[in-house]
Amino acid sequence: MIVAAAVLALTLTAEAGAPAAAPARTIAPGVSELPGAVPEDRGPDGNTIIFTAPAGLIVVDTGRHTEHSDAILAFARAQGKPIAAIVNTHWHLDHSSGNRRLKAVFPNAPVYATNAIDRALGPDGFLTRNLANARAHANDGGRSDVQRAETAGFLATMDASASLRPDIVVSQTGPVRIAGKRLDVHVTNGAVTDADIWLYDRHTHVAVLGDLVTFPAPFFETACPQRWSEALDAVWATPFRIAIPGHGEPMNRAQFDLYRHAYNAFIACVHSASEPRACATGWADDIAQFVPANATREDAMAYAEYYVGYLRDGHGKSPGCLAE
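Residues numbered from 1 in each chain as written. Predicted model: local features only at pLDDT ≥ 70, side-chain atom pairs only at ≥ 80, totals over all residues. Heavy atoms only, no water.

## Concerning the overall build of the chain
- Secondary structure assignment for the chain yields 11 helices and 12 strands.
- Dimensions along the principal axes, computed over C-alpha positions, put the chain at roughly 55 × 50 × 35 Å.
- For the chain, buried positions account for 57% of its 324 residues.
- Put simply, 68% of the contacts in the chain that link residues at least 6 apart link residues at least 24 apart.
- In the structure as shown, the chain presents an accessible area of about 12700 Å², 54% of it carried by carbon and sulfur atoms. (Helix = DSSP H or I, 4+ residues; strand = E, 2+ residues; numbered from the N terminus. Buried < 20%, exposed > 50% of the residue type's maximum accessible area, 1.4 Å probe, protein only. Contact = heavy atoms within 4.5 Å. Areas by Shrake-Rupley, 256 points an atom, 1.4 Å probe, with all protein chains shown as cover.)

Right, dumping it as structure tokens:
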């Protein structure tokens, strides 16, 4: 797995050629997960969590590839329930590209999200810059079929970028009734992006974290690392029993706390005089039990070593971080 996949996680999205999505699994009564994937040769899909609500299904994050959104729609058909609402934990396209496909079938399902997407789609925003680059290189020779499909899918998503914007803007932390179900909605002030959402369901004690937790490493391209650490502390203060990452397997409280400490140790190493390789080794050691089945310790180290340099170049944060 190459480090460039971390950038693909935020930008490109494919319409075809991806492997079939993993089957849904039950996390708790009324809570199901469609696991995402971090393949080696294309951008990933984030995990999708589906709550059963009085008015239908609440879909949290919609993935990247057609295969993933098709699996969400197949789940809804199998349940005999409509998709009544969509929640995007953040605007990264591996969590939101499926919005347009789901809304094509369920046009009345509102998208709940923060307005952080506005800056990403702005004149000099992250997605706008990547769009210009994708268009400039769309017809370059020597690119693989997968690379061409990824770029074509990204362009299609950006052509329908209105589907990435919220129908209902979530701007503050508090209880919200979505499709007739109460969820505690938490909004960060800078973390993975300018403003991210994570959810807590008091009935099942399940927390849905988006990219506050990812494996084999955090993705820092649009991050404010200190605010991210504060968000992890806020999660810990919640009496969850199961925490679902944006990428990776569900975690119990002890596992989440291990991740939280590993994250903080990595950021402390970034701010130290330690060699990047030493920081990467520490990260890989700390999260060894969480490395996905399709990844390796070397993958975790490669990501981590890359991000040491990336964050140090930005004085400890991403170039786009406004909150620190």
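After presenting the structure, the write-up continues.
## Looking at the side chain of Asp-61
- With respect to the element layout, Asp-61 can be found in the loop between β4 (56-60) and α2 (66-79).
- At 3.0 Å, the side chain of Asp-61 forms a polar contact with the side chain of His-95.
- Excluding its chain neighbours within four sequence positions, the residues that come into contact with Asp-61 are Asn-47, Thr-48, Ile-72, Val-87, Asn-88, Thr-89, His-90, His-95 and Gly-210. (Polar contact = N/O pair within 3.5 Å; in protein donor to acceptor, adjacent residues only side chain to side chain.)

## Looking at the pairing of strand β2 (residues 31-34)
- Burial along β2 is two-sided: the face carrying Val-31 and Glu-33 and the face carrying Ser-32 and Leu-34 are both buried.
- Both strand β1 (residues 25-28) and β2 contribute to a ladder of three bridges, which runs antiparallel. Counted as the bridge partner of Arg-25 is Glu-33 from β2.
- In this structure, the hairpin formed by β1 and β2 is closed by a connection of two residues, where Gly-30 is found at a positive phi of approximately 80 degrees. (Pairing = 2+ DSSP bridges.)

## As for the state of the cysteines
- Applying the stated criterion across every chain yields a total of two disulfides.
- Paired through a disulfide, Cys-269 and Cys-279 show a sulfur-sulfur distance of 2.0 Å. Taking the torsion about the S-S bond as the criterion, the Cys-269 to Cys-279 disulfide, at about -85 degrees, is left-handed. Note that Cys-269 is positioned in helix α9 (residues 253-270) and Cys-279 in helix α10 (residues 276-286), a separation of 10 residues in sequence.
- By relative accessible area, which is 15% here, Cys-269 ends up buried.
- Exposure remark for Cys-279: the relative accessible area of 2% places this residue in the buried category.
- Among the cysteines of the chain that take part in disulfides, numbered as they appear in the sequence, the pairing is 1-4, 2-3. (Disulfide = S-S within 2.5 Å.)

## Here we look at unusual backbone geometry
- A cis geometry characterises the amide bond from Phe-215 onward to Pro-216, with omega recorded as 15 degrees.
- At Ala-179, a residue that is not glycine, the phi angle is positive and equals roughly 50 degrees.
- On the secondary structure map, Ala-179 appears in the loop between β8 (174-178) and β9 (181-187).
- Classification of Ala-179 by relative accessible area gives buried; the value is 15%.
- Backbone geometry places His-315, a non-glycine residue, at a positive phi of 60 degrees.
- Position of His-315 among the secondary structure elements: in the segment after α11 (297-313).
- Note on His-315: relative accessible area 74%, which makes it exposed.

## Looking at the sheet that holds β9
- The mixed open sheet is built from five strands, whose spatial order is β8-β9-β10-β11-β12. Each edge of the sheet is formed by a strand with only one pairing partner; in this case those strands are β8 and β12 (242-244). Shown here is a sheet whose adjacent strand axes are inclined to one another by a mean of 30 degrees, direction ignored.
- Summarising the sheet, β9 and strand β10 (residues 197-201) pair through four bridges and their orientation is antiparallel. (Axes fitted to C-alpha atoms, helices over the stretch in contact; angles between N-to-C directions.)

## Some thoughts on the side chain of Asn-88
- Here Asn-88 shows up in the loop between β5 (83-87) and α3 (93-96).
- Judged by relative accessible area, Asn-88 falls into the buried class, the value being 2%.
- Sequence-distant contacts of Asn-88, defined by excluding residues within four places in its chain, comprise Asp-61, Thr-62, His-95, Ser-96, Asn-99, Val-111, Tyr-112, Ala-113, Leu-164 and Ile-197.

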